[in-house]
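Summary of structural features
Each chain is listed here by its residues.
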Amino acid sequence: MSFPITRLRRLRRSEALRRMLRETRLSRDDLVYPLFVVEGSGVRAPVTSMPGVFRLSVDALVIECKEVHDLGIPAVLLFGVPDEKDARGSGADAADGVVQRAVEAVKSAVPGLCVVTDVCLCEYTDHGHCGLIEDGDVANDPSLVRLAETAVSHARAGADVVAPSDMMDGRVAAIRAALDGGGFDAVPILSYAAKFASAYYGPFRDAAESTPQFGDRRSYQMDPPNAREALREMRLDLEEGADILMVKPALPYLDVLARARAEFDVPLAAYHVSGEYAMVRAAAERGWIDGDRAMHEALIAIKRAGADLILTYAAKDVAAQLVP
Ligand code: PBG
Ligand code: ZN
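The following refers to the structure shown.

With respect to the nonpolar core
Counting residues in hydrophobic clusters, the biggest one holds 111 residues, and the most contacted among them are L78 and M234. Counting residues per element, this core draws most heavily on strand β1 (residues 31-38), which supplies seven residues. Non-local contacts of L78, meaning those with residues more than four positions away in its chain, are made with L35, V37, L61, V99, A102, V103, V115, V116, T117 and D118.

Following this line, the structure appears as structure tokens:
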């Protein structure tokens with residue numbers, strides 16, 4: 001049956017009808033809020049390229065996490081930004097490292113908040129790469145040892161979930177084995193499974209001081225044109241024991257997310273990354289778009305494409321706007 005019998009506009013006539021027939025909804029329950037932890041105390045330093053985002057010392061982080069929890073956001077993702085960096089990323093798995101102290105402090109002050117930790121070496125290495133360097137290149141297998149040690153140190157500090165973002169081959173299996181061996185078989189792995197070598201990470205690298213000092217990440221992060229390969233990455237991570245699979249960035253890779261949704265019956269996450277966030281905020285600051293609406297539209301698109309979880313710097317703003 002078609003026009004004039006069928007008129008799709010009939011169901012769009014009022015806000016009540018539109019509300020009733022909405023296919024996708026954004027909820028606070030979907031959100032994970034990324035945070036950057038630095039050394040010191042009383043630090044709340046704005047990240048210039050990410051309006052509304054701050055680098056926080058552990059004491060300020062605890063205050064922030066209480067607020068996040070009060071807003072009904074279930075989880076945070078912590079990135080440690082240490083003062084000292086070296087070739088092997090010694091700070092990454094230090095028992096008294098910045099992220100380990102942050103996890104302990106947050107879990108004791110806000111036990112109901114789920115603490116996810118980013119597991120990578122790039123914030124801790126002086127060369128800024130996500131793995132160890134041998135003969136001028138990122139060495140895969142030696143890096144696995146350091147990543148596994150890092151994940152275990154996070155679990156020991158009390159992390160609820162570990163999230164490896166390095167893109168080394170075999171890291172999920174290595175981390176799963178190390179966690180299980182260390183008595184942490186109950187700690188899930190949220191794998192950055194399909195992580196692309198993206199220009200949209202620019203603002204993050206300012207915040208996390210993780211810009212590679214030579215070369216780039218294209219020998220380990222994925223080539224943006226490849227969607228089938230992304231599904232292979234995700235399949236392998238599942239086989240290695242990943243509990244949740246992530247696609248990153250989000251908006252430029254909604255096709256990958258939608259294909260993953262059709263293919264895998266596991267929880268999917270999408271990372272609405274720093275550049276995606278910064279573009280909306282920058283245009284809104286200039287009065288070129290309605291920032292709140294654009295942000296909501298971006299996140300609902302990510303949900304519609306199939307994400308169960310959305311990691312976004314807009315989590316607090318969006319949660320505050322959602323009617324409970
Ligand atoms: C580092 C890491 C990056 C992000 C999360 N973990 C950046 C990179 O790979 O260079 C990006 C997050 C963002 O842009 O918001 N392993
Ligand atoms: Zn990294």
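Quick look at the side chain of E276
Inspection of the secondary structure puts E276 in helix α9 (residues 274-285). Here A250 takes part through its backbone nitrogen, which lies 3.0 Å from a polar atom of the side chain of E276.

Focus on the environment of K195
Following the sequence through the fold, K195 ends up in strand β9 (residues 190-195). Distance from K195 to A278, taken between C-alpha atoms, is 19 Å for residues 83 residues apart in sequence. Excluding anything up to four places from it in sequence, K195 contacts S165, M167, Y201, Q221, M222 and K248. Side-chain polar atoms of K195 contact the backbone oxygen of S165, separated by 2.9 Å.

Some points on the packing of aromatic side chains
Following the criterion strictly, the structure yields eight aromatic pairs and no others. Geometrically, the ring pair formed by F36 and F204 is tilted, given 5.5 Å between the ring centres and 55° between the ring planes. Taken together, the residues F36 in strand β1 and F204 in helix α6 (residues 202-208) connect sequence positions 168 residues apart. With a centroid separation of 4.0 Å and 10° between ring planes, the pair formed by F196 and Y253 is classed as stacked. Taken together, the positions of F196 in the loop between β9 and α6 and Y253 in the loop between β10 (244-248) and α8 (254-263) put the pair 57 residues apart, joining distant regions of the chain. For the pair F196 and Y253, a shared accessibility class is recorded, and that class is buried. In this structure an aromatic cluster arises from ring pairing among F36, F79, Y192, F204, Y271, Y277 and Y313.

Focus: the coordination of the zinc ion (ligand 2)
Put simply, the ideal angle at a metal is 109.5 degrees for four donors in tetrahedral geometry and 90 or 180 degrees for six donors in octahedral geometry. At 2.2 to 2.3 Å from the zinc ion (ligand 2) lie its protein donor atoms, namely C120 (SG), C122 (SG) and C130 (SG). Viewed at the metal, the four donor atoms of the zinc ion (ligand 2) are separated by angles of 100 to 120°, and the geometry they form is tetrahedral. Between consecutive donor residues of the zinc ion (ligand 2), the sequence gaps follow C-x1-C-x7-C. A relative accessible area of 0% places C120 in the buried class.

Definitions and limits used
- Residues numbered from 1 in each chain as written.
- Chains lettered and ligands numbered in written order.
- Predicted model: local features only at pLDDT ≥ 70, side-chain atom pairs only at ≥ 80, totals over all residues.
- Heavy atoms only, no water.
- Core = buried A, V, L, I, M, F, W, Y, C linked by side-chain atoms within 4.5 Å.
- Buried < 20%, exposed > 50% of the residue type's maximum accessible area, 1.4 Å probe, protein only.
- Helix = DSSP H or I, 4+ residues; strand = E, 2+ residues; numbered from the N terminus.
- Contact = heavy atoms within 4.5 Å.
- Polar contact = N/O pair within 3.5 Å; in protein donor to acceptor, adjacent residues only side chain to side chain.
- Phe/Tyr/Trp six-rings, centres within 6.5 Å; stacked < 30°, edge-to-face > 60°.
- Donors = N, O, S within 2.8 Å, 3.2 Å for Na, K, Ca; no water.
- Tetrahedral: all angles 85-135°; square planar, octahedral: opposite > 155°, others 65-115°.

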